[in-house]
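Below are the chains, spelled out letter by letter.
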Amino acid sequence: MRILFVSSNRIGDAVITCGVLDHLIRIYPNARITIACGPAAQGVFARMPNRDRTILVVKHKNDSHWLKLWWATVTTVWDLVVDMRGSLLVYVLPAKRRAVRRRVPGRMFEQYAHILGITPAPLPVVWTAPEDRAKAASILPADRPVIAFGATANWAPKVWPAERFAALYERLRAGPLPNAAVAVFAGPGEAERAMAAPLLAALPGAIDLCGTLALPEVAACIQRCALYIGNDSGLMHLAAASGTPTIGLCGTTIDRAVEMAPAGLHAAWALADGTTMDSLSVETAYAACVRMLASVS
């Protein structure tokens, strides 16, 4: 069976689609799956079982990237084409079955499952390899809990102030996670490094994991952490899908809080009182962390 799966350009959205992908792999264990996604998201699928190849969709003017994707896929008769982007592509490809995203009410992972009629909606997953887990074990201490901070986001107003992250760390280390180490995560590139710099300066003993790892290695590191706390970002969704207790920090995007809530076995928001990250207090974030840790103890 040959499946074409058109996923997202963004890491977070791509991670959320992985619950549906995992379902398809379990239903069709011998399927050969081609992924189409943006360059930033390709690492999400790097360790995915049954992946035949990944086609990178690089945006061009006049939507010509869709023509290039069509050209790369039109010579195959697909048993199933799944389009999480809701484009017209699936209608001009030879396919025995098509599933196209249309917006419906509910959380994003439920919307993605809806297009294939999957109930209950499967939670997102992450895939790592033994070498990723070995790398994580070489980076993070095994003799003390590690608190992970996701210090960045794709938009500066979504970033919680560095001094509040630092204050939250002190509260957690003095409370439910005594003697905890701290690791700071961010994506690659100078913009991400600059966004994380104030938090690294506020926590001089932190393990700096900003832009130094591939996505499967990031996922493996997060899985070794006792708790992940981060801004509304792709790394937050990766953490939630990894199964690590995850608290997303939400203020600026509070209008989409229900739809885009972190989806995982142990994941929740710390919600601000207003529509800015400044309106999210350390006390509110700490309370959310304590509830989460109590629920998994």
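Scroll up to find the structure.
Predicted model, so just to flag it, every value in this text is computed and none were measured.

Engineer: When you look at the pattern of salt bridges in this model, what are you seeing that I'm missing?
Structural biologist: Here the idea is simple: oppositely charged side chains can pair when their charged atoms come close. Counted by the stated rule, this structure contains eleven salt bridges. Among the salt bridges present, the one from Arg2 reaches Asp52, with a minimum N-O distance of 3.9 Å. Of this pair, Arg2 sits in strand E1 (residues 2-6) while Asp52 sits in strand E3 (residues 51-56), placing them 50 residues apart in sequence. Residue Arg2 is classed as partly exposed on the basis of its relative accessible area of 25%. For Asp52, a relative accessible area of 33% translates into the label partly exposed. The salt bridge partner of Asp52 is Arg32, with a shortest N-O separation of 3.3 Å. Linking Asp52 in strand E3 with Arg32 in strand E2 (residues 32-37), this pair joins segments that are 20 residues apart in sequence. Here the residues in one salt-bridge network are Arg2, Arg32 and Asp52, joined through shared partners.

Engineer: I keep staring at helix H2 (residues 64-73) and nothing clicks. Help me out?
Structural biologist: The α-helix advances 3.6 residues per turn, and as a result positions three or four apart in sequence lie on the same side. Within the span of H2, buried status applies to His65, Trp66, Leu69 and Thr73. The buried residues of H2 occupy an angular sector of 100 degrees when the element is viewed end-on, so they sit on one face. Projecting away from the buried face of H2 at angles above 90 degrees are the exposed residues Leu67, Lys68 and Trp71.

So, how was this worked out
- Residues numbered from 1 in each chain as written.
- Predicted model: local features only at pLDDT ≥ 70, side-chain atom pairs only at ≥ 80, totals over all residues.
- Heavy atoms only, no water.
- Salt bridge = Lys/Arg side-chain N within 4 Å of Asp/Glu carboxyl O.
- Helix = DSSP H or I, 4+ residues; strand = E, 2+ residues; numbered from the N terminus.
- Buried < 20%, exposed > 50% of the residue type's maximum accessible area, 1.4 Å probe, protein only.
- Arc of directions from axis to C-beta.

What is shown is where atoms sit, not what they do.
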